[in-house]
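Chain by chain, the residues:
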Amino acid sequence: CVAAGAFTVLNSSARGHYPARYAKEWATAIDNNNQWNGLVMVQSEPRVVITTSMNTRFVYSGESEIGDLVNNLQYVWTVATDLSVSGIFSSTNLSSLCSRIQTSGSSLRTFDASGLILPETTSFEALFRNHTNLRSAVLPVRESSVVSFKQAFEGCSALTKVENLDVAKDAVSFDTAFKNCPALVSVTLSPAGSTNAVSFNSAFSGCTALTGIANLD
């Protein structure tokens, strides 16, 4: 459960924003009823967890700490191997975080943003370009407003999977998104029915292990 900050209840008649102290009561009620009834709880406070190559774990919570992380603590990024991002980010901090990831080097192995709630419009353009050690990426589980994945994973030679790509219903560009990702096995895109004209120029060029692309019309 959420230990600090706050959480948000989604997809429920009790939808709203609640102090973290109530998270335990919510979890207990759900457990006693033995069903979720569509209830989803997410941590609202922005949070970044970084594990380094020395097995050191850094946790940053709140806009101020995360602002310091992305703007000042450069040494952490040079040894970061696993990155987890969750909560609601301001557009400024999310943009700065993306910029920091882009320039952090190639030590990053895993990226988990399953608990991230994105601003209205976001671009992941060139986010992990040439991160040669990146093996897996988990995108936000909520329907996202990412408009561009252009070059997002280009040159990620160790990448085997990207999860939750199918919820990115507003994306208009996947140009060279997975170019030269020879370890990538499969990709699931957003289901057909998007009103956007989506560009896939050289999106899967060099993906020699790719066996399937779901929802590519």
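Parameters at a glance
Residues numbered from 1 in each chain as written. Predicted model: local features only at pLDDT ≥ 70, side-chain atom pairs only at ≥ 80, totals over all residues. Heavy atoms only, no water. Phe/Tyr/Trp six-rings, centres within 6.5 Å; stacked < 30°, edge-to-face > 60°. Helix = DSSP H or I, 4+ residues; strand = E, 2+ residues; numbered from the N terminus. Buried < 20%, exposed > 50% of the residue type's maximum accessible area, 1.4 Å probe, protein only. pLDDT = per-residue confidence, 0-100. Contact = heavy atoms within 4.5 Å. Axes fitted to C-alpha atoms, helices over the stretch in contact; angles between N-to-C directions. Parallel < 35°, antiparallel > 145°, perpendicular 65-115°, else oblique. Left-handed = near helix turned anticlockwise from the far one by under 90°. Nonpolar A, V, L, I, M, F, W, Y, C, P; charged D, E, K, R; others polar. Core = buried A, V, L, I, M, F, W, Y, C linked by side-chain atoms within 4.5 Å. Pairing = 2+ DSSP bridges.

Trainee: Help me understand the packing of aromatic side chains, please; the structure alone is not making it clear to me.
Mentor: Between two aromatic rings, the relevant description is the distance of the centres plus the angle of the planes. Taken as a whole, this structure holds eight aromatic pairs when the rule is applied. Ring geometry for Phe149 versus Phe174: centroids 5.2 Å apart, planes at 10 degrees, classification stacked. Placement of the pair is Phe149 in the loop between strand 10 (146-148) and strand 11 (161-163) and Phe174 in the loop between strand 11 and strand 12 (186-188), with a sequence separation of 25 residues. The burial state of Phe149 is the same as that of Phe174; both residues are buried. Ring geometry for Phe153 and Phe178: centres 5.5 Å apart, planes at 5 degrees, overall stacked. Note that Phe153 is positioned in the loop between strand 10 and strand 11 and Phe178 in the loop between strand 11 and strand 12, a separation of 25 residues in sequence.

Trainee: Explanation requested: the confidence of the model for the protein chain in the structure shown.
Mentor: For any part of a model where pLDDT is low, the fine detail of the predicted coordinates should not be relied upon. Residues with a pLDDT of 70 or more make up 77% of the protein chain, whose mean pLDDT is 78. For the protein chain, per-element mean pLDDT is lowest for strand 2 (residues 16-19), which scores 42, and highest for strand 9 (residues 136-138), which scores 95. Contacts from residues 1-42, a stretch scored under 50 in pLDDT, to residues over four places away or in other chains number 70 contacts.

Trainee: Is there a simple way to explain the packing of helix 2 (residues 62-71) against helix 4 (residues 91-102) in this structure?
Mentor: The relative placement of two packed helices comes down to the angle between their axes together with the axis-to-axis distance. In contact at an axis separation of 9 Å, helix 2 and helix 4 are set at 30 degrees when each is read in the N-to-C sense. With respect to helix 4, the element helix 2 is oriented roughly parallel. Read as a crossing pair, helix 2 and helix 4 show a hand that is left-handed. From helix 2, Glu63, Ile66, Gly67, Val70 and Asn71 reach across to helix 4, where they touch Asn93, Ser96, Leu97 and Arg100. Classifying every residue of the contact of helix 2 with helix 4 gives three nonpolar, four polar and two charged.

Trainee: When you look at the nonpolar core in this model, what are you seeing that I'm missing?
Mentor: Across soluble globular proteins, nonpolar side chains show a tendency to be buried alongside one another. Ranked by internal contacts, the top residues of the largest apolar core, which has 48 residues, are Phe149, Phe153 and Phe178. Looking at this core element by element, the count peaks at four residues for helix 4. Ignoring anything within four residues of it in the chain, the contact list for Phe178 reads Phe153, Leu159, Val162, Leu165, Leu184, Val187, Ala203, Phe204, Ser205 and Cys207.

Trainee: Would you take a moment to explain the sheet that holds strand 5 (residues 57-61) for this structure?
Mentor: In spatial order, the strands read 5-4-6-7-9-11; together these six strands make up an open sheet with mixed pairing. Edge positions in the open sheet fall to strand 5 and strand 11, since each of these has one partner strand only. Across this sheet, the average inter-strand angle for adjacent strands is 5 degrees, counted without regard to direction. Relative to the sheet, helix 2 contacts strand 4 (47-52), strand 5 and strand 6 (80-88), its axis offset from that of strand 5 by approximately 130 degrees.

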